[in-house]
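# Observations on chain architecture
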Amino acid sequence: MSNFKLKPLLTLGFIFIFLTTLRLLWVAYHYPPKQPLAHDGVLDLQDYDLSNDQTITLNGEWAFIPNTFISPDLTNGNVSNMEKTLLPVPFEGEKNVTYQFGTYRLRILLDGNQGDVRTFGIRLPSAKTASALFINGRLKARSGTVADNPHEHKGEDIPSTVFFSTDQQEIDIILHISNFDTPESTTINKTITFGMAEAIIKEESFIKNLITMIVVVLILHSIYSLLIYFFIYRHKMLLFFTVGFLFPAIDEVLIYDKGMLSWLHLDYDWSMKLGNLIYLGSSFFFVQLMRMLLEKHRNDQCFRWFTILYGLCALTIIALPTEYLVPANALFFIVYFLSFITILFLALKEYFHHHKESFFLAFVTLSTTSGIIWGLIKVLAKMEIPFYPFDYIFAFLGFAIFWFKQYHKKNKQAAELVHELQKADTLKDEFLKNSSKKLRTPLNEMIIMAQTIYDGKRTEFAKQDKDDLKYLINMGRSMSFMLADLLDYTRLKERTIQINPQSTNIHGSVSGVFDMLRFISEGKQVQMISTIPSSFPNVYVDENRLIQILFNLLHNAIKYTHAGKIVIDADVRDNMAVIHVQDSGQGMDEETQKRILAPYEQGEPYDTGLGLGLNVCKQLIELHGGTLQVESVLRKGSDFFFTLPLAKKENVANMAIQSMDINESAAAVDGSMRKRQNHMADSKKHYILVVDDDPVTLKVISNLFPANKYDVLTVISGKEALDMLDKVEWDLIIIDAIMPHISGYELTRLIREKYSALELPILLLPARNDPEDVYTAFSLGANDYVTKPIHSLELKSRVRALIDFKDSANERLYMEAAWLQAQIQPHFLFNTLNTIASLSEIDSERMINLLNTFGEYLRGSFNAENLKRLVPLNHELELVRSYLYIQKERFGDRLQIKWEVDENEVFEVPPLSIQPLVENAVRHGVMKRIRGGTVEIRIENHPTFTTIAVADDGVGISKELMSRILNEKTKIGSGIGLINTNRRLKRIYGHGLEITSSVNHGTEVKFNVPKLE
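What comes next is a walk through the structure.

What counts and how
- Residues numbered from 1 in each chain as written.
- Predicted model: local features only at pLDDT ≥ 70, side-chain atom pairs only at ≥ 80, totals over all residues.
- Heavy atoms only, no water.
- Salt bridge = Lys/Arg side-chain N within 4 Å of Asp/Glu carboxyl O.
- Helix = DSSP H or I, 4+ residues; strand = E, 2+ residues; numbered from the N terminus.
- Core = buried A, V, L, I, M, F, W, Y, C linked by side-chain atoms within 4.5 Å.
- Buried < 20%, exposed > 50% of the residue type's maximum accessible area, 1.4 Å probe, protein only.
- Contact = heavy atoms within 4.5 Å.
- Pairing = 2+ DSSP bridges.
- Axes fitted to C-alpha atoms, helices over the stretch in contact; angles between N-to-C directions.
- Phe/Tyr/Trp six-rings, centres within 6.5 Å; stacked < 30°, edge-to-face > 60°.
- Lys NZ or Arg CZ within 6 Å of the ring centre and 35° of its normal.
- Parallel < 35°, antiparallel > 145°, perpendicular 65-115°, else oblique.
- Left-handed = near helix turned anticlockwise from the far one by under 90°.
- Nonpolar A, V, L, I, M, F, W, Y, C, P; charged D, E, K, R; others polar.

On to the pattern of salt bridges, then. All chains considered together, the criterion is met by 24 salt bridges. Between R107 and E170 there is a salt bridge, with the nearest N and O atoms lying 2.6 Å from each other. Taken as a pair, R107 in strand β5 (residues 101-110) and E170 in strand β10 (residues 170-178) lie far apart in primary sequence, 63 residues in all. Between R118 and D111 there is a salt bridge, with its nearest N and O atoms 3.7 Å apart.

Counting residues in each nonpolar core, the largest one holds 75 residues, and the members touching the most others are I568, F642, V691, W730, I733, I735 and I751. If one sorts the elements of this core by residue count, helix α12 (residues 543-559) sits on top with 9 residues. Setting aside anything within four residues of it in sequence, one finds I568 in contact with V510, F514, I529, S530, T531, I532, L550, L554, I579, H580 and V581. Core analysis: the next-biggest nonpolar cluster, separate from the first, contains 62 residues, L12, I214, I317 and A395 among them.

Attention shifts here to the sheet that holds strand β28 (residues 945-952). Pairing within the open sheet is mixed, and its 5 strands lie in the order β25-β27-β28-β30-β29. At either margin of the open sheet sits one strand with a lone partner, and together these are β25 (895-900) and β29 (994-998). Looking at each pair of strands side by side, their axes are set apart by 10° on average, direction ignored. Across 8 bridges, β28 lies against strand β30 (residues 1002-1010) in antiparallel orientation. Counted as the bridge partner of T947 is N1008 from β30. Together, β25, β27 (933-941), β28 and β30 form the strand contacts of helix α25 (residues 915-924), whose direction differs from that of β28 by roughly 20°.

Attention shifts here to the packing of aromatic side chains. One pass over the full model with this rule turns up 21 aromatic pairs. Both rings, one in F778 and one in Y785, keep their centres 5.7 Å apart while their planes meet at 80°; by these two values the pair is edge-to-face. Taken together, the aromatic side chains of F240, F247, Y279, F284, F285, Y310 and Y336 make up a single cluster linked through ring pairs. Taking the ring centre of W270 as reference, the NZ or CZ of K273 above it sits at 5.6 Å. The positively charged end of R881 is found above the aromatic ring belonging to W899, 5.0 Å away from the centroid.

Counting buried positions along α25 yields 7 of 10 residues, so the element is predominantly enclosed. Here α25 has its buried residues at Q915, P916, L917, V918, E919, A921 and V922.

Before going further, it helps to examine the packing of helix α11 (residues 506-516) against α12. Look at α11 against α12: their axes get within 9 Å of each other, and the N-to-C directions meet at 45°. By the angle between their axes, α11 is oblique relative to α12. The handedness of the crossing between α11 and α12 comes out as right-handed. Of the residues in α12, those touching α11 at I506, S509, V510, V513, F514 and M516 are E543, L546, I547, L550, F551 and L554. Looking at the contact of α11 with α12, its residues break down into 10 nonpolar, 1 polar and 1 charged.

Okay, here's the thing in structure tokens:
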């Protein structure tokens, strides 16, 4: 045998020897001292010193009067005349006693003086099976009902301890016994203890404390196991622990005091059967418990056989009559012993297979087996051994070490597993992060290509195909959002996200996010509303992250709301802003609410998302010192609300002061607007309008552009920007995307209703560089964007590029106007020359006037003034008069001219803005009639603007032509002149031509020129 196997065997052998030695020492310690024995029914203690520290046994020959219950009041003489025999106590089986009832008597002779009162105690073990104890003629204890016939007899087998006082030198003990229940007759098989009351109490207290300690420990283990089963880990092994600890506790209590069963009102037979079943249950559940702990052998066939054998034993105990049950205990012992020895063998076998902790299970089994063996020895040797606790103590110790070993092993395994999981989790996060980065680029490229196809005109799509393409684009954007959430989630886990909180107006963030999300809510009857009070204080938050939080929460609300309202509200509680995102969607049940904020959790089982958006929001909010919570009612809607700290008062005050400075600056610039417009045409400066609700940003941008090259006007709201829009011909507008009330996205959309991207470039300043921000910016008409925080070189480069782009577009427009005017129709030249030739023969004076006028017309058409932005009104009217004079000479009375013009009007108009209208009225209006007609040029003065109108009573314009005449994408003959004029008017004044017409009644074309303040 190898040393590996020999060592544990030697250890177990040593432990068994140690346990046996300890047991023998325990027996020796409690072995009664040398004392007199009873002879002929008398125990003489006259020469024996009874101390208060030690008890003695009443062993020896007791007088037994068979088949008679003698009266306790009889004198010695009356008793001596009765038939009696001497029986040893405890009974050792030398005689064959068959009596079923009788009386035991013992006289104890004491030393000391007559009249000294002393208190004694007697501990009477259970007697078979009913007994009544009389001391000095008085009944002191009763167990069951003694009787001389089985009908009146009632067995109980309950031990008792009695105390009494006497001043006599002789104690007369009479014990009535009857047994009609077992074949053991009336013999007493256990020792009766006697001594001073103090010694009896001391000895009983010692035993009682030991039993109580062990029972309490067993019950606590049982309770712990049951609680773990119900609240932590539901495994049947824990139930075996519960019952396996509970049964031994009950067994020890019953061994100490069988009177504990009296409340069940059982007769002797069933009391005995119940005690045997409890002992059997203790052994059975110990075997099952060890089976569960022996991992390699828990399914061995032997355990099934043991289960069957224990079941048969239980049935035997229940079915057998009491007289046969006592001998059957030997068979039960064999079953107990075999099962315990088998467990010992299996534990060692498992230990030999490198399960070192199984050695302690063998130790537990050895301790338990030792207790069973000594229990058998006590029965066979009729030894009275006090309660021995060390078997339990060593079993507990073995279990404790086993569980500590198991805990250490599992903890080590868990630590290794956690390390592996952390490593795998890190690899997973790295993989997801890298995959997200690699997927975003091709995904964005696909979205761009799809959007290009959707917006393009090269291919005509059926409506269904176009809707499908739009749906595909939206799906791509949703995937882009998911990838962004995934990246943020991994960054949050890695703690690499940094926040830059500052005083932030929440209105701007809400407005901006509303505009960004409008494309998602297309096709849904969902209305997004903000009910946040206009006076709501600023919050201390990173604006970029606030936009992300609101975007995710609103996106989630839109996703689960098919129709209804989504409302954002806010209030202040405990110096924290509480922001609510409420929807009237499908809502959630309580179980979903508990887990919805966890990562990878989704509101619906088959949701296509990753379930990270809400968790990212939660972590970002917590980084700012707030919390995110949800309240929801199924099929009624949800309320996601989060808290953010309010901005400090000093920050808000500083912003207010800066805002006042900006307002003063804006007022000063506005006051110089008249002067600015007067010299704008000759100035080489470029005019930039900057719109941002952050005064610091406005100052930074203003300082970036030198005053000798740029004139920068700053305003702090979209409303102010709209008011300033038509007062100056701006070269560029720089707009912050996130502003209160009117967001930068909405302001861009409103500007694009008046000006095209060529006419007025817009540079947007979004807070983030995310696809949804960029897409929203370009889809609403922005020319370019620069993400905050602003980098000066990037901003200046993009501003310069956009201004150059606008200048190029302006130059093209002016050259186009000049080119159109310069392209005098050949028919016009030919007809004018023919008219001159005809007048040379008829009226030379009219010919000379016509030649002079024609020369003026040509000079006006090619005048360099036409390349300017504005020219005096007289300059434009001279060209019109020249043109009409020529046409009047040609058409005579067919063309009538009506002027309603105040010659004292002095203001400027765009060059070539009136002449194309008059030419259009002549050629396409009155001259289309054979009889001709009248062309009216009218200038009307109004308080804030002047109206210039050209009307005719010609053929008019049909509705179909009216819808296309100013459409820049439609080429309708000479309509290019009107289109160019309309475009230039819109760029300069913010509004273009107004045309009203009726077929066969005439047409009126007019435009308004704002007055300078």
